[in-house]
Amino acid sequence: MPAMNALGAMYEHATDYITARRCYEVAALNDSGEGMRRMGNLYAEGHGVKQNYSVARSWYMRSIEMGDATGMYRLGKLYYYGHVGQKDVVQAAHWYRQAAELGSHWGMIRLGRLYENGEGVERDYDEAVKWYQASAESGAIEGMNELADMYESGMGVHKNVEIAKEWRKEAMQKKNLL
């Protein structure tokens, strides 16, 4: 159902959330993990529906059953910000890791931040660098900037301002292409 998801995303971008929802529902009913996740996003953000984090969580769980890495990341965010009960950084770390291991650059970035700050996991700058590096190498601008920060500060790596500059330069070049 990639076409229905793409059509829904087009309507969502145009802020026609009702039509976007219809497209995502069709995709979800046809076992599209992306469609399920996008339904969760609508509920999490209150776009075209009443904001409801419990319903968003249900949609994310369904998307996860289909192997959707971004659904894992989004579920982690719900736990991190306490939208499904109390803030649970350990659960957030679990879902960010699951997403990161499946290649989600947002999962990698969020997991790196948890390691950098010691939230839900033991502080480990080497692990933070590992996840920022993976994200940067996947082409994520934010991952490039996080990695540059680590090189500038010398946390988890030998301080190297030149490498930091290279990552910032690559991030800027990529941003200018967007």
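A quick note: this is a predicted structure, and the numbers were derived from the prediction, not measured. (Residues numbered from 1 in each chain as written. Predicted model: local features only at pLDDT ≥ 70, side-chain atom pairs only at ≥ 80, totals over all residues. Heavy atoms only, no water.)

Undergrad: An account of the overall build of the chain is requested, with residue identities and associated values reported.
TA: Counting its secondary structure elements, the chain contains ten helices and zero strands. Going from N to C terminus, the chain has its helices and strands arranged as α-α-α-α-α-α-α-α-α-α. Relative to the 2.2 N^0.38 estimate, which gives 16 Å for 178 residues, the radius of gyration of the chain is 18 Å and therefore close to what a compact globule would have. For the chain, the spread of C-alpha atoms along the principal axes amounts to about 50 × 40 × 25 Å. Considering only residue pairs separated by 6 or more positions, the chain has 41% of its internal contacts joining residues 24 or more positions apart. (Helix = DSSP H or I, 4+ residues; strand = E, 2+ residues; numbered from the N terminus. Rg over C-alpha atoms; globule rule 2.2 N^0.38 Å. Contact = heavy atoms within 4.5 Å.)

Undergrad: Outline the packing of aromatic side chains, listing residues and values.
TA: Per the stated rule, a full pass over the model turns up three aromatic pairs. Judged by centre distance (6.3 Å) and plane angle (25 degrees), the rings of Y73 and W106 are stacked. Here W106 lies in helix α7 (residues 105–117) and Y73 lies in helix α5 (residues 69–80), a separation of 33 residues in the sequence. What makes Y73 buried here is its relative accessible area of 7%. A residue is classified by how much of its surface remains accessible, and W106, at 34% relative accessible area, is partly exposed. (Phe/Tyr/Trp six-rings, centres within 6.5 Å; stacked < 30°, edge-to-face > 60°. Buried < 20%, exposed > 50% of the residue type's maximum accessible area, 1.4 Å probe, protein only.)

Undergrad: Kindly report on the nonpolar core, identifying the contributing residues and their values.
TA: One recurring pattern in soluble globular proteins is that nonpolar side chains are buried together. L75, Y96, L114, L147 and W167 are the most contacted members of the largest nonpolar core, which has 47 residues in total. Considering every element that reaches this core, the biggest residue donor is helix α6 (residues 89–101), with seven residues. With residues near it in sequence (within four places) discarded, Y96 still touches Y73, G76, K77, Y80, G107, R110, L111 and L114. (Core = buried A, V, L, I, M, F, W, Y, C linked by side-chain atoms within 4.5 Å.)

Undergrad: Give me the pattern of salt bridges: which residues, what numbers.
TA: Here the structure, examined in full by the defined rule, presents twelve salt bridges. Among the salt bridges present, the one from E101 reaches R97, with a minimum N-O distance of 4.0 Å. Within this pair, E101 and its partner R97 are both found in helix α6, separated by four residues, close to a single helical turn. Judged by relative accessible area, R97 falls into the partly exposed class, the value being 23%. (Salt bridge = Lys/Arg side-chain N within 4 Å of Asp/Glu carboxyl O.)

Undergrad: Pulling in residues and values, what's your account of the environment of E142?
TA: Along the polypeptide, E142 turns up in helix α9 (residues 141–153). The exposure class of E142 is partly exposed, given its relative accessible area of 27%. A C-alpha to C-alpha distance of 8.7 Å links E142 and Y132, two positions ten residues apart in sequence. Those residues within four positions of E142 in sequence are excluded, and the remaining contacts are W106, I109 and R113.

Undergrad: Go over helix α4 (residues 53–65) with me, naming the residues and quoting the values.
TA: Between the first and last C-alpha of α4 there are 18 Å, a value that for 13 residues agrees with the 18 Å anticipated at 1.5 Å per step. By the burial criterion, the buried members of α4 are A56, W59, Y60, S63 and I64. Buried residues along α4 cover an arc of 145 degrees about the axis, so they all sit on one side. Within α4, the exposed residues directed more than 90 degrees away from the buried face are S54 and E65. Among the structural elements, α2 (17–29), α3 (33–45), α5 and α6 are those in contact with the buried residues of α4. Two or three places before S54, at the start of α4, stands the capping residue N52, its side-chain oxygen 3.0 Å from that residue's backbone nitrogen. Positive backbone phi, at 85 degrees, marks G67, one or two positions downstream of α4. (Expected span 1.5 Å × (residues − 1). Arc of directions from axis to C-beta. Polar contact = N/O pair within 3.5 Å; in protein donor to acceptor, adjacent residues only side chain to side chain.)

Shape descriptors only; they carry no functional weight alone.
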